[in-house]
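Below, each chain spelled out in residue letters.
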Amino acid sequence: MSGSIIRIQNLNVSHKGIPILKDINLTISRNKVTVILGPSGCGKTTLLKCMNRLIDIYNGLDISGQIHLDGEEILNRKNDLTRIRQKMGLLSQRPYPLPMSIFDNVAYGLKIQGVRNRTELADRVEYYLKQVNLWPEVVDRLKSPASRLSIGQQQRLCLARGLAVEPEIILADEPTSALDPLSSTCIEEQFMKLKEQYTILIVTHIMRQARRLADHVIFIYLGEIIEQGPPAEIFDNPQHPTTKEYLRVGH
Amino acid sequence: MKRRKLIDQITSGWMLLCLFVVLLIPLVIGLGLVLKSLPILQLYPLSELLNGSDWKPMAGHFGFKPFIVSSLYVTLISFLIAAPVCLLSAIYLTQYARRWLLNLMQPVIDIMAGIPSVVYGVWGILVVVPLVVRLASVWDLKTSGYCILSGGIVLAVMSIPFILNILIEVFQTIPTELKEASLSVGATYWETIKFVLLREGFSGIMAAFGLGISKALGETIAVLMVVGNVVQIPGSPFQAAYPLPALIANNYGEMMSIPMYDSALMFAALILFVIIILFNILARLAINHGEYRC
Ligand SMILES: Nc1ncnc2c1ncn2[C@@H]1O[C@H](COP(=O)(O)OP(=O)(O)OP(=O)(O)O)[C@@H](O)[C@H]1O
Ligand SMILES: [Mg+2]
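This report concerns the structure included in the present document.

Cut-offs and rules
- Residues numbered from 1 in each chain as written.
- Chains lettered and ligands numbered in written order.
- Predicted model: local features only at pLDDT ≥ 70, side-chain atom pairs only at ≥ 80, totals over all residues.
- Heavy atoms only, no water.
- Helix = DSSP H or I, 4+ residues; strand = E, 2+ residues; numbered from the N terminus.
- Buried < 20%, exposed > 50% of the residue type's maximum accessible area, 1.4 Å probe, protein only.
- Contact = heavy atoms within 4.5 Å.
- Areas by Shrake-Rupley, 256 points an atom, 1.4 Å probe, with all protein chains shown as cover.
- Axes fitted to C-alpha atoms, helices over the stretch in contact; angles between N-to-C directions.
- Parallel < 35°, antiparallel > 145°, perpendicular 65-115°, else oblique.
- Left-handed = near helix turned anticlockwise from the far one by under 90°.
- Pairing = 2+ DSSP bridges.
- Core = buried A, V, L, I, M, F, W, Y, C linked by side-chain atoms within 4.5 Å.
- Buried area = accessible area lost by both parts, 1.4 Å probe.
- Salt bridge = Lys/Arg side-chain N within 4 Å of Asp/Glu carboxyl O.
- 1 Å grid on protein atoms, 1.4 Å probe; cavity = no way out; pocket = protein on both sides within 12 Å on 5 of 7 lines; lining within 4 Å.
- Points joined across faces, edges and corners; volume = space filled by probe spheres on them.
- Nonpolar A, V, L, I, M, F, W, Y, C, P; charged D, E, K, R; others polar.
- Phe/Tyr/Trp six-rings, centres within 6.5 Å; stacked < 30°, edge-to-face > 60°.
- Lys NZ or Arg CZ within 6 Å of the ring centre and 35° of its normal.
- Near = heavy atom within 4 Å.
- Polar contact = N/O pair within 3.5 Å; in protein donor to acceptor, adjacent residues only side chain to side chain.
- Expected span 1.5 Å × (residues − 1).

1. Points about the overall build of chain B
So, point 1. When helices and strands are tallied, chain B shows 12 helices and 2 strands.
So, point 2. When the helices and strands of chain B are read in sequence order from the N terminus, they spell out α-α-β-β-α-α-α-α-α-α-α-α-α-α.
So, point 3. Oriented by its inertia axes, the alpha-carbon framework of chain B measures out at about 70 × 70 × 35 Å.
So, point 4. When burial is assessed residue by residue, chain B has 42% of its 294 residues classed as buried.
So, point 5. When contacts within chain B are restricted to residue pairs at least 6 apart in sequence, long-range pairs at least 24 apart make up 73% of them.
So, point 6. On chain B, roughly 15400 Å² of surface is accessible, and the fraction owed to carbon and sulfur atoms is 70%.

Take a look at the structure:
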């Protein structure tokens, strides 16, 4: 399958009349890594949270526009939220393991989905822990609290937790900003591997990471997409002066 | 340079001293109570004092069981009322309600905590006691209204601001991102609260409940005004009772001419003290157990 998986049309988000996202129109391709760039506070996190409607838990935000996922309207209030959210795995800036064991962290989403069979749970947990390269490090302490893992391990655990519900899309919000270089590389390698099965949206401030990962780059400034295109164009031949400035300082 | 270092040392010395005093207070109180209870402890075996239900100081019968049972009973009832009310309110206020409602509740809680207990007692007599009589009549039960249930209700209302205050704090300190993590794998809001927030806040919740219980066990005046003060081992919550603090408050300074009475009241205080310590240890154990699990 190829082509677009998400289509965003005229998305506007504002808080008390102050716009956070302005008239976002965007198409995201299936099985590609889309990198979102932009200075702090420009609305990158907000854009990601619109996609899985986590934005709903904040009071006082006005949202309008459309986000189509596989032709389904995400922002439609009538749609089943939990099902929409399961289509997207979320990886946040810092890892937030759930207050339970390593095993239960990965099994959490599965149990929510109603998987009760113990062997099936164990198999799936093992599979996803292996997929994020965490299995050898935790195999003999699956029952111990997830909070005892190192930050880098926790982030991989969170990735496994997200993957376990079999999403189509991975939303990663600066997933390596709290990690050491080695753990960062590890996560990056996961993404390279994962993009065969998933569509990945990643926010990052690290230019080199963006370059390494991106199939498509979006540059947001003050809530607006001011430039987008393939990495070769954006990085080597930016058109918009703000993009130029950002890339020059970022290097 | 030297002066700053000296000041630094002196201030930390002061802090240590203050800490020491704070640590010493319960020890000194405990020791004082033990010393004062010694006369009665030497005269009667401990089991007879704790297990006996005969209370006739004039005749030299000191059975504390009715008072101990009354104390625990009233506390249990108040806990059963206050705990769920506080937990659900705290969850609602921090997770569902709009910001302004929480801002409105803060001063309300502070005011509730500041109302003198004698006022709660009067409110109990005027409002709770008649209500309990009405409630009892539904099941054709006879009660004066001055009973365990009234005491429990008044106590619950009194401990709510304290428990609620801590619980709100507990839920507010849980990072939003943790909720987001749970929601993002498809959990509903309620599942997130049940599986993640309650677990993450477990030790805080236990601490809040522990404080509530300690407060309920020790509260005196308000309970004394509505609980009936009859020496008996109460069966139903519609029967009167006589908790330990009420025993001490009602009788201390009077009837001291009766032999051993003074020592008996001190022993009552000691029992209360020990019960509170035991509850706190239990709460601690629960907290540690919870932390280990998570
Ligand atoms: N719940 C909210 N209520 C009000 N304003 C918000 C809310 N969430 C975000 N904003 C505002 O929207 C703007 C964009 O925030 P956002 O977190 O999306 O930025 P960002 O691009 O992710 O920045 P960073 O790179 O620092 O993470 C900010 O000015 C922020 O103050
Ligand atoms: Mg952000």
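2. What about the packing of helix H4 (residues 118-131) of chain A against helix H6 (residues 151-163) of chain A?
Residues and elements named next belong to chain A.
So, point 1. In the contact formed by H4 and H6, the axes pass within 9 Å of each other and the chain directions differ by 130°. Taken together, the axis directions place H4 and H6 in an arrangement best described as oblique. For the element pair H4 and H6, the recorded crossing hand is right-handed. Where H4 approaches H6, its residues Tyr128, Leu129 and Gln131 are matched on the opposing element by Leu157, Ala160 and Leu163.

3. What about the sheet that holds strand S10 (residues 224-229) of chain A?
Residues and elements named next belong to chain A.
So, point 1. Read from one edge of the open sheet, 6 strands run S6-S7-S8-S3-S9-S10, paired in mixed fashion. Of all strands in the sheet, those bounded by a partner on one side alone are strand S6 (88-91) and S10. Put simply, the sheet's adjacent strands are angled 15° from each other on average, direction ignored.
So, point 2. Strand direction decides the pairing type here: strand S9 (residues 216-221) and S10, joined by 5 bridges, are antiparallel. If you follow tyrosine 221 over to S10, its bridge partner there is glutamate 224.

4. Re the nonpolar core
So, point 1. In terms of nonpolar packing, the biggest core is built from 46 residues, with Leu37, Leu129 and Phe191 of chain A touching the most fellow members.
So, point 2. With residues near it in sequence (within four places) discarded, leucine 37 of chain A still touches Lys44, Thr204, Met207, Ala210, Val217, Ile218, Phe219, Ile220, Phe235, Tyr246 and Leu247 of chain A.
So, point 3. Tyr96 of chain A together with Ala97, Ile168 and Ala208 of chain B belong to the second largest nonpolar core, which has 34 residues in total.

5. Remarks on the interface of chain A and chain B
So, point 1. Taken together, the 25 residues of chain A in the interface contact 25 residues of chain B.
So, point 2. In total, chain A and chain B occlude about 2100 Å² of area from one another, counting both sides; carbon and sulfur atoms represent 65% of this.
So, point 3. When the buried area of chain A at its contact with chain B is split by residue, Tyr96, Pro99 and Tyr108 of chain A rank highest and sum to 28% of it.
So, point 4. One can count 1 salt bridge joining chain A with chain B.

6. Focus on the layout of surface pockets
So, point 1. If you add up the space inside the largest pocket, you get close to 690 Å³.
So, point 2. Mapped onto the lining of the largest pocket, the elements with two or more residues apiece are helix H2 (81-86) of chain A together with helix H3 (65-96), helix H4 (99-114), helix H6 (148-173) and helix H7 (176-184) of chain B.
So, point 3. The biggest single contributor to the lining of the largest pocket is H3 of chain B, with 4 residues.
So, point 4. Partitioned by chemical class, the residues of the lining of the largest pocket number 13 nonpolar, 7 polar and 5 charged.

7. A short note on the packing of aromatic side chains
So, point 1. Taken as a whole and assessed by the stated rule, the structure comprises 15 aromatic pairs over all chains.
So, point 2. Summarising the aromatic geometry, the rings of phenylalanine 67 of chain B and tyrosine 242 of chain B are spaced 5.3 Å apart at their centres and angled 65° between planes, so their arrangement reads as edge-to-face. Separated by 175 residues along the polypeptide, phenylalanine 67 of chain B in helix H3 and tyrosine 242 of chain B in the loop between helix H10 (221-226) and helix H11 (244-251) bring together distant segments of the chain. Tyrosine 242 of chain B matches phenylalanine 67 of chain B in its accessibility class, with the two residues each being buried.
So, point 3. Connected via pairs of aromatic rings, a cluster forms that spans Tyr44, Trp55, Phe62, Phe64, Phe67, Tyr242, Tyr261 and Phe267 of chain B.
So, point 4. Above the plane of the ring of phenylalanine 103 of chain A lies lysine 143 of chain A, whose end atom (NZ or CZ) is 4.3 Å from the centre.

8. Comments concerning the site of ligand 1
All names here are of chain A.
So, point 1. As a structural note, the neighbourhood of ligand 1 is formed by 13 residues, with Ser40, Gly41, Lys44, Thr45 and Thr46 the closest of them.
So, point 2. Within the side chain of threonine 45, one N or O atom sits 2.5 Å away from an oxygen atom of ligand 1.
So, point 3. Bound to the protein, ligand 1 loses 64% of the 630 Å² it would expose on its own.
So, point 4. Here the shell around ligand 1 takes 3 residues from helix H1 (residues 44-51), the largest share from any one element.
So, point 5. Split by residue class, the shell around ligand 1 holds 4 nonpolar, 7 polar and 2 charged.

9. Overview of helix H5 (residues 117-138) of chain B
Residues and elements named next belong to chain B.
So, point 1. Taking 1.5 Å of rise per residue, 22 residues should cover 32 Å, and H5 covers 30 Å from first to last C-alpha, within 8% of that figure.
So, point 2. Along H5, the residues classified as buried are Tyr120, Gly121, Gly124, Val128, Val129, Val132 and Ala136.
So, point 3. Tucked inside the fold, the buried residues of H5 contact H4, H6 and H10.
So, point 4. Aspartate 140 sits one or two positions beyond H5 and adopts a positive phi of about 60°.

10. Describing the sheet that holds strand S1 (residues 4-15) of chain A
Residues and elements named next belong to chain A.
So, point 1. With antiparallel pairing, 4 strands are arranged side by side in an open sheet as S2-S1-S4-S5. Strand pairing shows two members of the sheet lacking a second neighbour, strand S2 (18-29) and strand S5 (72-73), which therefore form its edges.
So, point 2. The pairing of strand S4 (residues 61-69) with S5 spans 2 bridges and is antiparallel. Each residue of the ladder has a partner; that of leucine 69, found in S5, is glutamate 72.

11. Some points on the side chain of serine 150 of chain B
Residues and elements named next belong to chain B.
So, point 1. Within the element layout of this structure, serine 150 appears in helix H6.
So, point 2. Residue class for serine 150 comes out buried when judged on its relative accessible area of 0%.
So, point 3. Ignoring anything within four residues of it in the chain, the contact list for serine 150 reads Val128, Val129, Val132, Gly145 and Val226.

12. With respect to the environment of leucine 48 of chain A
All names here are of chain A.
So, point 1. By the element assignment, leucine 48 lies in helix H1.
So, point 2. The exposure class of leucine 48 is buried, given its relative accessible area of 2%.
So, point 3. Excluding residues that lie within four positions of it along the chain, leucine 48 makes contacts with Ile36, Leu171, Ala172, Asp173, Leu201 and Val203.

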